[in-house]
Amino acid sequence: MGKAMSQMRRWRAGLAANLAGFAVRLQERRAAVESEEGIPVTPGAPGEEGEPERGGPTAEREPHADYVPPPPSYAPAVAAPRDPVGAVPWGVRVAAEVGWRFLILAGALYVLMRVISAVQLVVLAFVGSLLITALLQPTVAMLKRAGLPRGLATAVTFIGGFVIMGLVGWFVAWQVMENTDMLSQQLQDGIGQLKKWLLHSPFHVTETQINQIAKNLQHAVGTNAEQITSAGLQGVTVVIELFTGIFLAMFSTLFLLYDGRNVWHWVLKLFPRDAREGIAGAGPRAWRTLTLYVRGTVIVAFIDAVCIGVGIYFLGVPMAVPLAVVIFLGAFIPLVGAVASGALAMIVALVTQGPFTMLMVLVVVLAVQQIEGHILQPFILGRAVRVHPLGVVLAVAAGSLIAGIGGAVVAVPLVAVTNTVVGYLRVHAHEAALRAAPGPHGSTAVEVAPVQKETPADEAP
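Every residue gets a number counted from 1 within its own chain, in the order that chain's sequence is written. Given that this is a predicted model, residues contribute local features only at a pLDDT of at least 70 and side-chain atom pairs are listed and counted only at 80 or more, while totals for whole chains, interfaces and linings are drawn from all residues. Hydrogens and waters are ignored; side-chain quantities use all the structure's heavy atoms.

J.: I'm lost on the overall build of the protein chain in this one. Help?
T.: A count of helical and extended segments in the protein chain gives 13 helices and 0 strands. Only DSSP runs of H or I covering at least 4 residues are called helices, and only runs of E covering at least 2 are called strands; the numbering of each starts at the N terminus. Each helix (α) and strand (β) of the protein chain, taken in turn from the N terminus, gives the series α-α-α-α-α-α-α-α-α-α-α-α-α. At a minimum sequence separation of 6, the contacts of the protein chain that also span at least 24 residues come to 64%. Methods summary: accessible areas were calculated by the Shrake-Rupley approach with a probe of 1.4 Å, and residue burial reflects only the protein chains presented. When the accessible surface of the protein chain is summed, it comes to about 31300 Å², and 70% of that surface belongs to carbon and sulfur atoms. Residue contacts are counted whenever heavy atoms from the two residues lie within 4.5 Å of one another.

J.: I tried to follow the side chain of threonine 157 on my own but got confused; where do I start?
T.: By the secondary structure assignment, threonine 157 is in helix H5 (residues 150-178). Among all residues touching threonine 157, those that are not within four sequence positions of it are Leu136, Thr139, Val140 and Leu143.

J.: Just to check I follow, could you spell out the packing of aromatic side chains for this structure?
T.: The relation between two aromatic rings is expressed through the spacing of the ring centres and the mutual angle of the planes. Put simply, two rings from Phe, Tyr or Trp (the six-membered ring, in Trp's case) pair if the centres are within 6.5 Å, and we call them stacked under 30 degrees between planes, edge-to-face over 60, tilted for the rest. Throughout the structure, instances matching the rule amount to 5 aromatic pairs. Here phenylalanine 251 and phenylalanine 255 contribute two aromatic rings whose centre-to-centre distance is 4.9 Å and whose plane-to-plane angle is 55°, an arrangement assigned as tilted. Placement of both phenylalanine 251 and phenylalanine 255 in helix H8 (residues 225-268) is noted, with a separation of 4 residues, approximately one turn of the helix. The classification of residues rests on relative accessible area computed with a 1.4 Å probe and restricted to protein chains. Under 20% of the type maximum is buried, over 50% is exposed, and intermediate values are partly exposed. Overall, the relative accessible area of 46% leaves phenylalanine 251 in the partly exposed class. Accessibility expressed as a relative area gives 44% for phenylalanine 255, which makes it partly exposed.

J.: Explanation requested: helix H12 (residues 355-380) in the structure shown.
T.: Residues three or four positions apart in an α-helix share a direction because the helix packs 3.6 residues into each turn. To estimate the expected span of a helix, subtract one from its residue number and multiply by 1.5 Å. Under the 1.5 Å per step criterion, the end-to-end length of H12 is 35 Å for 26 residues, consistent within 8% with the ideal 38 Å. What the bend at a residue measures is the angle between two axes, fitted to the seven residues ending there and to the seven starting there. Where H12 bends most, at glutamate 372, the angle is about 45°. Listed as buried for H12 are Thr357, Met358, Val361, Val365, Val368, Glu372 and Leu376. Buried residues in H12 make contact with helix H9 (276-314) and helix H11 (336-353).

J.: So what exactly am I meant to see when it comes to the pattern of salt bridges here?
T.: Salt-bridge detection follows one rule: a side-chain nitrogen of Lys or Arg within 4 Å of a carboxyl oxygen of Asp or Glu. Considering all chains together, one arrives at 1 salt bridge under this definition. Of the charged contacts in the structure, one is a salt bridge between glutamate 97 and arginine 101, with a shortest N-O distance of 2.5 Å. Of this pair, glutamate 97 and arginine 101 both sit in helix H3 (residues 90-118), 4 residues apart, roughly one helical turn. The class of arginine 101 is partly exposed, set by a relative accessible area of 42%.

J.: Would you mind going over a nonpolar patch on the surface with me for this structure?
T.: Here a patch means residues that are over 30% exposed by relative accessible area and free of salt bridges, tied together within 9 Å if like-charged and within 5 Å if nonpolar (Val, Leu, Ile, Met, Phe, Trp, Tyr). A cluster of nonpolar side chains, contributed by Tyr110, Val111, Val115, Val119, Leu121 and Val122, occupies part of the molecular surface with about 530 Å² of accessible area. Counting residues per element, the ones that place at least two in the nonpolar patch are H3 and helix H4 (120-145). With respect to the helices and strands, the residue valine 115 is situated in helix H3.

J.: Just to check I follow, could you spell out H9 for this structure?
T.: Counted at 1.5 Å a residue, the expected span for H9 with its 39 residues is 57 Å, and the 57 Å between its end C-alpha atoms agrees. Looking at the residues trailing H9, positive phi occurs at glycine 316, about 85°.

Function cannot be read off these values alone, since they describe shape.
Written out as structure tokens, the structure reads:
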């Protein structure tokens, strides 16, 4: 019995201790919750720790208007800010990259055009010398193969080429001066015939109106005499610049014929060392394209001039030979030059022979142009210098706006050479990438790009 009573007392004591501990933990939990809600806690007597202060201004448990809850004890999950570059759409980034590079290229091209316009005479003379050198270089190579020294072969080719070009120019000027009086008389007769046609035409033009138009033209010429005189003085300046350009072209042609290879090596040294391999390969191909263009253009222009000249000669158009020479020179400006020279022949035929002869000249010019476009140019020029007609028209227009007639002449060969150089450099860059990339089992990629035939050493500049 006594043993049972002692066990009961121990059980009661343990239960009381557990209840006291539970009460303490409950009080601590209550104090922690009240401290999170902003209720001040004042220390009290043992067993009353964490008892809130009663009767004070902050003892109210209900929130009031100025109450600001404290921040939580844990940090909320806030997403990190996005990278500004990643926030820009991919298409906008690509457009911006292309845009600023395009602006830099446009600025560089503008500066280059300003520099070229400042030294336009020198640039046109040098480009003209390149065209003449491309035409005469095969003759120098042929004479060297025949056993002549380089200096003698260059001198013979240079003198012979410029003498022939000078004789052609003299012949044209002589023919124009010889036929000026006859052409002037035929022009007056043509104006008289045009006047009669207008009087009897369905347009109801009276002779008084025609005389008034002639009087207005005379008055315009009289009032603009100062401007015409100024234009004449500018013409003298143009003649001086023309002879200066001819002299520079002749001087440059002589050195290019004699020492063109060393000039090319000097130009090659101006490029960075890493780019010389590609430029060295593009140079001979560009020269080959230019040579083919000049040769083919001369042959095609000669055939056009002979065919159209014979046609207008049998039609009775005066100055057939000078017109044929003009057609020959106009053929060096593709499409536009042929149209302009053909229109000149038609005007002369209209003034001197009448509308029927003009229509016949038009038929002859169109027939020759069709033969040139579909037979002569594809057969003679081939694919080496083929440029789309739209590219030809745009190039001629841009060249004429930049540098006049000289710019129109050099625009198409410049486009053809640029096309060849860009195509070769693209292939060369692909080859270099393949050679640099390691192949399977540590091998290197083989050369797979097409390689054009190299220009012979004696035909390169």
